[in-house]
Amino acid sequence: MKVLHTADWHLGKRLDAFSRLEEQREVLSEICEIAEREAVDVVLVAGDLFDSFSPSAEATELLYSTLHRLSANGARAVVAIAGNHDSPERIEVPDALARACGIIFVGFPNTQITPFSTQAGVKVTQTDKGFVELSLPQSPFPLRLILTPYANELRLKTFLGIEETEGNLRQHLQDHWQALADQYFDEKGVNMLVSHLFMMKNGTEPPEEPEEEKPILHVGGASAVFSENIPAQTQYVALGHLHRFQYIDRQPCPVVYSSSPLAYSFSEADQTKYVVLIQAQPNQPVDIQSIALTKGKRLLRKKFDNVADALVWLTEHPEAIVQLTLVTETYLESADKKRLMEAHPYLMPIIPEIRSKKEETSESPLLDLENKSMEELFTDYFRNSKEGKGQLPSESILNLFREVLALDEEE
């Protein structure tokens, strides 16, 4: 059995002023091509299908058209769960139509799939709350999936039937997973868990979450679910939420974040993105291959201390979305800013960084007020203003101030 794991599509997401929709269209087409080339039996999309609870019509159309292509007209199962950026109600809206194509949407941890079969041979053979068993046309054995989409703490407690205000929610989740595994996971099928949670190995440093990512569920007062909470019968855990490809643990099985298909923040600058191809059979360790994605723009960031070097670097990376930090002692003049912006079509707002700044006490400006010239006072004012951001005014700004001062003296 071949399984393709992907996650965190974030359809409709923008990066500042730049739309990523065309890049998303290209990279999702690449994922479809991989599924077709590898002849996978099932595709798992582990949450954050959209970037917001109210996606645009273009983002919605892109999701449905991509999942329809992945389903191969009902010959390939596609299972998509909700992430913390998704509205679970919206995710489940097209369920009746999707089933005809072998597409399964799961918005809530207690969703129970209605049994169905497609004309091409995908069948739902067993269901429970948070569980589905699939029969696939080209596979002689079934696929069992424990499905836990993102849910806030209140919804997760309701789903798990927890009434007390205190207690280890992580333990309750482990007990739920274990009960499903004990009932449905055996050596006659492939057993996997699909979830959109913050997961880590107990005793290790928590993995870094991407910039601008919404805070995710704190389970039982802690910041993560542990890999040790996974049932021992599980052969693979397909995770969504973290945007970098990574193994969280290899026990009791590979626990993997597949990565987002595109870099969505500059904390992901120059990262390679992947989908994960899993080859599995009952009662055997799975074989895993990470497949690099090539579509979409790279995100690059660089620091310079002069405009000339920055201009050269920009011309060397015309297709990337770039973020520049300029280290300077003086205010970046509008002419230089214009040269930089015109040199690159995908330049983010420039970040100024102060090279040095004299430390002053809060009393020093008042003590020196009578002894400072107008130009010195203006320099102090500019440096502490919102526009100056701690930088000294450039010579052109000082010349302009001197002209104004001269006019005032003439009057």
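Computed from a predicted model, the values in this text were never measured in an experiment.

**A few points about the overall build of the protein**
Argument step 1. Across its full length, the protein holds eleven helices and 20 strands.
Argument step 2. Of the contacts formed within the protein by residues at least 6 apart in sequence, a portion of 67% connects residues at least 24 apart.
Argument step 3. Of the roughly 19600 Å² that the protein leaves accessible, carbon and sulfur atoms contribute 48%.

**Re the packing of helix H1 (residues 21-37) against helix H2 (residues 57-71)**
Argument step 1. H2 packs onto H1 with a crossing angle of 10° between their chain directions and a minimal axis gap of 10 Å. In terms of axis orientation, H1 runs roughly parallel to H2. For the pair formed by H1 and H2, the contact residues are Leu21, Gln24, Arg25, Leu28, Ser29, Ile31, Cys32, Glu33, Ala35 and Glu36 on the first element and Glu58, Ala59, Leu62, Thr66, Arg69 and Leu70 on the second.
Argument step 2. A class-by-class count of the residues in the contact of H1 with H2 yields eight nonpolar, three polar and five charged.

**Notes on the pattern of salt bridges**
Argument step 1. Counted under the stated rule, the structure contains 13 salt bridges.
Argument step 2. Measuring nitrogen to oxygen at the nearest pair gives 3.5 Å for the salt bridge that ties Glu38 to Lys2. One end of the pair, Glu38, is in the loop between H1 and strand E4 (42-46); the other, Lys2, is in strand E1 (residues 2-6), and 36 residues separate them in sequence.
Argument step 3. Here Glu133 makes a salt bridge to Arg144, at a shortest N to O gap of 2.8 Å. With a gap of eleven residues between them, Glu133 in strand E8 (residues 131-135) and Arg144 in strand E9 (residues 143-148) connect regions that are remote in the sequence.
Argument step 4. For Arg144, a relative accessible area of 5% translates into the label buried.

**Considering the pairing of strand E18 (residues 299-304)**
Argument step 1. Pairing geometry for E18 and strand E19 (residues 321-328), over six bridges, is parallel. What sits directly across from Leu300, in E19, is Val322.
Argument step 2. In this view, the connection linking E18 to its parallel neighbour E19 by way of helix H7 (residues 307-316) has right-handed handedness.

**A few points about the packing of aromatic side chains**
Here a ring pair, both rings aromatic, is described through the centre-centre distance and the interplanar angle of the planes.
Argument step 1. Evaluated as defined, the whole model comprises six aromatic pairs.
Argument step 2. Consider the rings of Phe18 and Tyr346, whose centres lie 5.9 Å apart with planes at 70°: the pair is edge-to-face. Residue Phe18 is located in strand E3 (residues 18-19), and its partner Tyr346 is located in the loop between helix H8 (334-343) and strand E20 (351-354); the two are separated by 328 residues in the primary sequence.
Argument step 3. Note on Phe18: relative accessible area 16%, which makes it buried.
Argument step 4. For Arg170, the ring lying beneath its charged end belongs to Phe226, and the centroid distance is 3.9 Å.

**Some words on the environment of Ala343**
Argument step 1. Along the polypeptide, Ala343 turns up in helix H8.
Argument step 2. What makes Ala343 partly exposed here is its relative accessible area of 29%.
Argument step 3. Once you skip the residues sitting within four places of it in the chain, Ala343 turns out to touch Leu311 and Leu314.

**Section: the packing of H7 against H8**
Argument step 1. Two elements in contact, H7 and H8, have axes separated by 9 Å at closest approach and are oriented at 10°. Classified by the angle between their axes, H7 and H8 sit roughly parallel to one another. Contacts from Val307, Ala310, Leu311 and Leu314 in H7 reach Asp336, Arg339, Leu340 and Ala343 in H8.
Argument step 2. Residues belonging to the contact of H7 with H8 are distributed by class as follows: six nonpolar, no polar and two charged.

**Concerning unusual backbone geometry**
For residues that are not glycine, phi is negative in most cases, and the peptide bond is trans in most cases.
Argument step 1. Note the cis peptide between Gln251 and Pro252, where omega equals 5°.
Argument step 2. Within the fold, Pro252 resides in the loop between strand E14 (246-249) and strand E15 (255-257).
Argument step 3. With a phi close to 55°, Asn73 is a non-glycine residue in the positive phi region.
Argument step 4. Looking at where Asn73 falls in the secondary structure, it is placed in the loop between H2 and strand E5 (77-81).
Argument step 5. Take Asn73: its relative accessible area is 58%, and that puts it in the exposed class.

**What about the side chain of Gln235?**
Argument step 1. If you trace the backbone, Gln235 turns up in the loop between strand E12 (225-226) and strand E13 (236-239).
Argument step 2. Given a relative accessible area of 9%, Gln235 falls into the buried group.
Argument step 3. A distance of 2.9 Å separates the side chain of Gln235 from the backbone oxygen of Gln281, its partner in a polar contact.
Argument step 4. Among the polar contacts made by the side chain of Gln235, one reaches the main-chain carbonyl oxygen of Gln284 at a distance of 3.0 Å.
Argument step 5. Here Gln235 is in contact with Gly189, Val190, Asn191, Cys253, Pro254, Gln281, Pro282, Asn283, Gln284 and Val286, once residues within four sequence places are set aside.

**Here's the deal with the nonpolar core**
Argument step 1. Counting 34 residues, the largest nonpolar core has Leu4, Trp9, Leu11, Leu67, Leu70 and Phe105 as the members making the most contacts within it.
Argument step 2. Where this core is concerned, the elements lending two or more residues are H1, E4, H2, E5, strand E6 (103-106) and strand E16 (274-279).
Argument step 3. One finds Ile113, Val194, Ala238 and Val256 within the second-largest nonpolar core, a separate group that totals 33 residues.

**Looking at the confidence of the model for the protein**
Argument step 1. This prediction gives the protein a mean pLDDT of 88; 89% of its residues lie at or above 70.
Argument step 2. In the predicted structure, residues 359-367 sits below a pLDDT of 50 and forms three contacts with residues beyond four places in sequence or in another chain.

What counts and how
Residues numbered from 1 in each chain as written. Predicted model: local features only at pLDDT ≥ 70, side-chain atom pairs only at ≥ 80, totals over all residues. Heavy atoms only, no water. Helix = DSSP H or I, 4+ residues; strand = E, 2+ residues; numbered from the N terminus. Contact = heavy atoms within 4.5 Å. Areas by Shrake-Rupley, 256 points an atom, 1.4 Å probe, with all protein chains shown as cover. Axes fitted to C-alpha atoms, helices over the stretch in contact; angles between N-to-C directions. Parallel < 35°, antiparallel > 145°, perpendicular 65-115°, else oblique. Nonpolar A, V, L, I, M, F, W, Y, C, P; charged D, E, K, R; others polar. Salt bridge = Lys/Arg side-chain N within 4 Å of Asp/Glu carboxyl O. Buried < 20%, exposed > 50% of the residue type's maximum accessible area, 1.4 Å probe, protein only. Pairing = 2+ DSSP bridges. Right-handed = clockwise from strand over helix to strand, strands pointing away. Phe/Tyr/Trp six-rings, centres within 6.5 Å; stacked < 30°, edge-to-face > 60°. Lys NZ or Arg CZ within 6 Å of the ring centre and 35° of its normal. Polar contact = N/O pair within 3.5 Å; in protein donor to acceptor, adjacent residues only side chain to side chain. Core = buried A, V, L, I, M, F, W, Y, C linked by side-chain atoms within 4.5 Å. pLDDT = per-residue confidence, 0-100.

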